[in-house]
Amino acid sequence: MTVTALAAGAIALAGPSDHASTAKYCQTLKDIMQPPSSKPGEEAFTRVDALAAKLAADAPGPIRGAVQTYSTGLHQFVVDVGKVGFDSTKITPEQYKTLQTPEMTAATKAIMKSAQDDCDISTPSAEQSTQPNPSKSAAPKSPPASKTPKSSKSPVTVPSKSR
């Protein structure tokens, strides 16, 4: 039996409210993974920050701690980026360290695994997503390839950078 099947079974046994909670979490996860509609700047950073806070609020029990760690770390990064006017070219390597702590790496890996196992969302490796490149824009970008979730006909993409 696969992990996905086990997770689906656990959701089914837990009842409709847990299933609804997981569905809401998965939808928020899909939303946060969509590329920004604007250039990297305040709007893109604050959008991702707000969605990460919503993701933490929507996260089901087993993943909640990791998502809260992720949300807190990303929020700190957005605050730091705000100090340089949301100009991604002025973000220092020190500011990127907020995204590269062992806690953030573990949280990102757990969220990526949850995206695949619980939400049927294809993601890049967690290593890729936790290693920002200071020479490039810090705003989320579309990943190379994505998989269409079972419950949706639109493809889901994962930003190459996360908090």
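Here, the structure is the one placed above.
(A) Quick look at the overall build of the chain. Helix and strand counts for the chain come out as seven helices and zero strands. Of the regular secondary structure in the chain, the N- to C-terminal order runs α-α-α-α-α-α-α. Counting every position in the chain, which comprises 163 residues, the buried fraction comes to 45%. In the chain, once contacts between residues fewer than 6 apart in sequence are set aside, the share between residues at least 24 apart is 67%. Accessible surface for the chain amounts to roughly 8,300 Å². Of this, 58% is attributable to carbon and sulfur atoms.

(B) Focus on the environment of Thr98. By the secondary structure assignment, Thr98 is in the loop between α5 (93-96) and α6 (102-119). Residue class for Thr98 comes out buried when judged on its relative accessible area of 18%. Residues Thr98 and His75, spaced 23 residues apart in sequence, show a C-alpha to C-alpha distance of 9.6 Å. Sequence-distant contacts of Thr98, defined by excluding residues within four places in its chain, comprise Gly73, Gln76, Phe77, Asp80 and Met104. Among the polar contacts made by the side chain of Thr98, one reaches the main-chain carbonyl oxygen of Gln95 at a distance of 3.3 Å.

(C) Quick look at helix α3 (residues 42-58). With 17 residues, α3 should reach 24 Å at 1.5 Å per residue; the first-to-last C-alpha distance of 24 Å fits that figure. All of the buried residues in α3 are Ala44, Phe45, Val48, Asp49, Leu51, Ala52, Leu55, Ala56 and Asp58.

(D) Representation of the pattern of salt bridges. Under the counting rule described, the total for this entry stands at six salt bridges. Across the pair Asp80 and Lys83 runs a salt bridge, and its minimum N-O distance is 3.9 Å. Exposure remark for Asp80: the relative accessible area of 11% places this residue in the buried category. The residue Lys97 makes a salt bridge to Glu94 at a minimum N-O spacing of 3.5 Å. Under the relative-accessibility criterion, Lys97 is labelled partly exposed at 47%. Look at the salt bridges and you will find they share partners, linking Lys24, Lys54 and Asp58 into a network.

Rules of the game
- Residues numbered from 1 in each chain as written.
- Predicted model: local features only at pLDDT ≥ 70, side-chain atom pairs only at ≥ 80, totals over all residues.
- Heavy atoms only, no water.
- Helix = DSSP H or I, 4+ residues; strand = E, 2+ residues; numbered from the N terminus.
- Buried < 20%, exposed > 50% of the residue type's maximum accessible area, 1.4 Å probe, protein only.
- Contact = heavy atoms within 4.5 Å.
- Areas by Shrake-Rupley, 256 points an atom, 1.4 Å probe, with all protein chains shown as cover.
- Polar contact = N/O pair within 3.5 Å; in protein donor to acceptor, adjacent residues only side chain to side chain.
- Expected span 1.5 Å × (residues − 1).
- Salt bridge = Lys/Arg side-chain N within 4 Å of Asp/Glu carboxyl O.

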